[in-house]
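Results of the structural survey
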Amino acid sequence: MKIRDMHSAPSLGHMPSTALALSQAVQRSRAKLHQRALLAGAASAVPIPGLDWAVDAAILSKLLPDISKEFGLAPQQIDALDPHMRDQVQKAVAMVGSVFIGKLLTRQMILRLARTVGARMGTKQFAKFIPFAGQAIAATVGYGTLRYLGQRHINDCVRVVEHAQSLQAGIVTPVND
């Protein structure tokens, strides 16, 4: 049995431990986001009422947990952290205000997220029925909406990981910028 030195910093688990690793996680997450936002944009161009909402919800329900996992912030990854670090990460998540980091996403959470950008979604629905240009507008709004939500989640994850990195280094930094 290994006894941990009482003065050693708690492990970051699966979270990126260096600025380079964090940058790589951001790049991987943005690539996933771009790919799935293109899919959402394509679905938004199809003039079938409600299809884009269903596609957006399905994409978000898979994308946000994938992004969290890239940053070591999936529920099982957070649960595996040292108790002190886990508490600090959970406090950082609360300070950032993200309801998606370290949580299993439910249908209600996805609907709450969709309401956050409801005006954009309404524009997308309306634009679909304008011949030709409307479908392009709907696709652009669909892409932009998913990009916005995904990038916001990436930014939240980065802030939480940076806070955890500073704690590990023995530097206490505020979470909110």
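1. Points about the overall build of the protein
Along the protein, the regular secondary structure elements total seven helices and zero strands. Along the chain direction, N to C, the helices and strands of the protein fall in the order α-α-α-α-α-α-α. Of all 177 residues assigned to the protein, the portion counted as buried reaches 41%. Considering only contacts in the protein between residues 6 or more positions apart, those separated by 24 or more positions represent 79%. Accessible surface for the protein amounts to roughly 9700 Å². Of this, 62% is attributable to carbon and sulfur atoms.

2. Topic: the pattern of salt bridges
Close approach of charged atoms allows side chains of opposite charge to pair. If you walk through the whole model with that rule in mind, you get four salt bridges. Among the ionic pairs, Glu70 bridges to Arg28, the shortest N-O distance being 2.5 Å. Highlighted residues: Glu70 in helix 2 (residues 51–70) and Arg28 in helix 1 (residues 19–45), separated in sequence by 42 residues. Residue classification places Glu70 among the buried positions, given a relative accessible area of 17%.

3. A few points about the packing of helix 1 against helix 2
To describe two helices that pack against each other, one gives the angle between their axes and the distance between the axes. Where helix 1 contacts helix 2, the two axes come as close as 10 Å, and the packing angle between them is 175 degrees. Between helix 1 and helix 2, the angle falls in the class roughly antiparallel. Contact with helix 1, carried on its side by Ala25, Arg28, Ser29, Lys32, Leu33, Arg36, Leu39, Ala40, Ala43 and Ser44, involves Leu51, Asp52, Val55, Asp56, Ile59, Lys62, Leu63, Asp66, Ile67 and Glu70 of helix 2 and no other residues of that element. Split by residue class, the contact of helix 1 with helix 2 holds 10 nonpolar, two polar and eight charged.

4. Some thoughts on a nonpolar patch on the surface
Taken together, the side chains of Val46, Ile48 and Leu51 make up a nonpolar region of the molecular surface, amounting to roughly 210 Å² of accessible area. Structurally, Ile48 can be placed in the loop between helix 1 and helix 2.

5. A closer look at the nonpolar core
Counting 34 residues, the largest nonpolar core has Met15, Phe71, Leu73, Val89 and Val160 as the members making the most contacts within it. Mapped onto this core, the elements with two or more residues apiece are helix 1, helix 2, helix 4 (83–96) and helix 7 (133–168). Ranked by residue count, the leading element in this core is helix 7, at eight residues. Residue contacts for Phe71: discarding those within four places in its chain leaves His14, Met15, Pro16, Leu22, Ala25, Val26, Ser29, Ile154, Cys157, Val158 and Val161.

6. Comments concerning the confidence of the model for the protein
Detailed reading of predicted coordinates is not advised where the pLDDT is low. This prediction gives the protein a mean pLDDT of 79; 75% of its residues lie at or above 70. Here residues 1–7 is a poorly scored stretch, pLDDT under 50, and it has two contacts once near neighbours within four places are set aside; other chains count.

7. Considerations on the side chain of Asp156
Its place among the elements puts Asp156 in helix 7. Beyond its immediate chain neighbours, meaning those up to four positions away, Asp156 contacts Val96, Ser98 and Ile101.

8. Details of the side chain of Ser166
With respect to the helices and strands, the residue Ser166 is situated in helix 7. Judged by relative accessible area, Ser166 falls into the buried class, the value being 8%. Separated by 2.7 Å, the side chain of Ser166 and the backbone oxygen of His163 make a polar contact.

9. Details of helix 2
The end-to-end C-alpha separation of helix 2 is 28 Å, in line with the 28 Å expected for 20 residues at 1.5 Å each. Within helix 2, burial applies to Asp52, Val55, Asp56, Ile59, Leu60, Leu63, Leu64, Ile67, Ser68 and Glu70. Note on helix 2: the residue one or two positions beyond its end, Gly72, has a positive phi of about 75 degrees.

Conventions and cut-offs
Per chain, residue numbering runs from 1 following the sequence as it is written. Reporting in this predicted model follows two pLDDT cut-offs: at least 70 for local features of residues, and 80 or more for side-chain atom pairs to be given and counted; totals over whole chains, interfaces and linings ignore these cut-offs and use all residues. Hydrogen atoms and water are omitted, and side-chain values are computed over all heavy atoms in the structure. Helix and strand definitions follow DSSP, with helices as H or I runs of at least four residues and strands as E runs of at least two, each counted in order from the N terminus. Burial status follows relative accessibility: with a 1.4 Å probe on protein chains alone, a residue under 20% of its type maximum counts as buried, one over 50% as exposed, and anything between as partly exposed. Any two residues whose heavy atoms approach within 4.5 Å are treated as being in contact. What sets the accessible areas is the Shrake-Rupley method with a 1.4 Å probe; for residues, cover comes only from the shown protein chains. Any carboxyl oxygen of Asp or Glu that lies within 4 Å of a side-chain nitrogen of Lys or Arg is treated as forming a salt bridge with it. Axis definition: a line fitted to C-alpha atoms, over the contacting stretch in the case of helices. Angles run 0 to 180 degrees between N-to-C directions. Orientation is classified from the angle alone, with under 35 degrees giving roughly parallel, over 145 giving roughly antiparallel, 65 to 115 giving roughly perpendicular, and any other angle giving oblique. The classification used treats Ala, Val, Leu, Ile, Met, Phe, Trp, Tyr, Cys and Pro as nonpolar, Asp, Glu, Lys and Arg as charged, and all other residues, Gly among them, as polar. A patch is a set of surface residues, each over 30% in relative accessible area and not in a salt bridge, joined within 9 Å for like charges and within 5 Å for the nonpolar side chains Val, Leu, Ile, Met, Phe, Trp and Tyr. Residues belong to a common nonpolar core when they are buried Ala, Val, Leu, Ile, Met, Phe, Trp, Tyr or Cys residues joined through side-chain atoms within 4.5 Å. Per-residue confidence from the predictor is reported as pLDDT, a score between 0 and 100. Distance and chemistry together define a polar contact, namely a pair of N or O atoms within 3.5 Å, with one atom able to donate a hydrogen and the other to accept it when in protein, and with adjacent residues in sequence counting only for side-chain atoms on both sides. Given a helix with a known number of residues, its expected span is that number minus one, times 1.5 Å.

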